[in-house]
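# Architecture at a glance
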Amino acid sequence: MSTPFRNPVDLNEFPDYEKFIKKPMDLSTITKKVERTEYLYLSQFVNDVNQMFENAKTYNPKGNAVFKCAETMQEVFDKKLIDVREQMTARQQMLLLATAQQQDPMSSIRKRVQSESQRTVDSLDIDSDQLLPLDANLMRLYDF
């Protein structure tokens, strides 16, 4: 299904293409932009992919095979895009959490230890000062 989209439209084969399509787009152009890191935001990449599909649907009649390929590929792309956005959101949340912990790496550890310590103190009759955290990640953070 991607064959019609792999390379720029051949203007010798479709001489009137530029009359209808003002911003041509194809997969080889998108690939080059990705390789040159021209996309700073996901939305820029998505816009180009959608432009490619919209161009195909604008130029080709509704019953045309290229039109149908564009519709099908756009549906698949939109579904995959949902997964990508969810993954990106999860990564951003992890980065924010990591950044917050770097600013105060003891904050979340203190909270967890305090909670665990309180439960332990409540269940055992020991002094809470005797409970010391040992977290491998914390040890690596301070190069121990």
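For the protein, the name recorded in an unreviewed UniProt entry is Bromo domain-containing protein, with Caenorhabditis elegans as its organism.

### Comments concerning the packing of aromatic side chains
Enumeration according to the criterion identifies seven aromatic pairs in this entry. Members of the aromatic cluster, joined through ring pairs, are Phe5, Tyr39, Phe45, Phe53 and Phe77.

### Some details on the side chain of Asp26
With respect to the helices and strands, the residue Asp26 is situated in the loop between α1 (17–20) and α2 (27–35). No salt bridge is formed by the buried Asp26; its nearest oppositely charged neighbour, Lys32, is found at 6.7 Å. Of note is the side chain of Asp26, whose polar atom sits 2.4 Å from the side chain of Ser28. Within the structure, the side chain of Asp26 is placed 2.7 Å from the side chain of Thr29, a separation counted as a polar contact.

### Notes on the side chain of Gln74
Counting through the fold element by element, Gln74 comes out in helix α4 (residues 65–103). Taking relative accessible area as the criterion, Gln74 reaches 11% and is therefore assigned buried.

### Details of the packing of α2 against helix α3 (residues 42–59)
One can describe the packing of α2 onto α3 by two numbers: an axis separation of 10 Å at closest approach and a directional angle of 170°. In terms of orientation, α2 lies roughly antiparallel with respect to α3. Contact with α2, carried on its side by Leu27, Ile30, Lys33 and Val34, involves Phe45, Asp48, Val49 and Met52 of α3 and no other residues of that element. Here the residues of the contact of α2 with α3 are counted per class, giving six nonpolar, no polar and two charged.

### Brief notes about the pattern of salt bridges
Tallying each qualifying case throughout the model produces four salt bridges. Asp48 is the salt-bridge partner of Lys33, the closest N and O atoms lying 2.8 Å from each other. A residue pair is termed long-range when its members are at least 10 positions apart, and Lys33 in helix α2 and Asp48 in helix α3 qualify at 15 residues. Relative accessible area serves as the criterion here: at 3%, Asp48 is assigned to the buried category.

Conventions we followed
- Residues numbered from 1 in each chain as written.
- Predicted model: local features only at pLDDT ≥ 70, side-chain atom pairs only at ≥ 80, totals over all residues.
- Heavy atoms only, no water.
- Phe/Tyr/Trp six-rings, centres within 6.5 Å; stacked < 30°, edge-to-face > 60°.
- Helix = DSSP H or I, 4+ residues; strand = E, 2+ residues; numbered from the N terminus.
- Buried < 20%, exposed > 50% of the residue type's maximum accessible area, 1.4 Å probe, protein only.
- Lys, Arg positive; Asp, Glu negative; His and termini not counted.
- Salt bridge = Lys/Arg side-chain N within 4 Å of Asp/Glu carboxyl O.
- Polar contact = N/O pair within 3.5 Å; in protein donor to acceptor, adjacent residues only side chain to side chain.
- Axes fitted to C-alpha atoms, helices over the stretch in contact; angles between N-to-C directions.
- Parallel < 35°, antiparallel > 145°, perpendicular 65-115°, else oblique.
- Contact = heavy atoms within 4.5 Å.
- Nonpolar A, V, L, I, M, F, W, Y, C, P; charged D, E, K, R; others polar.

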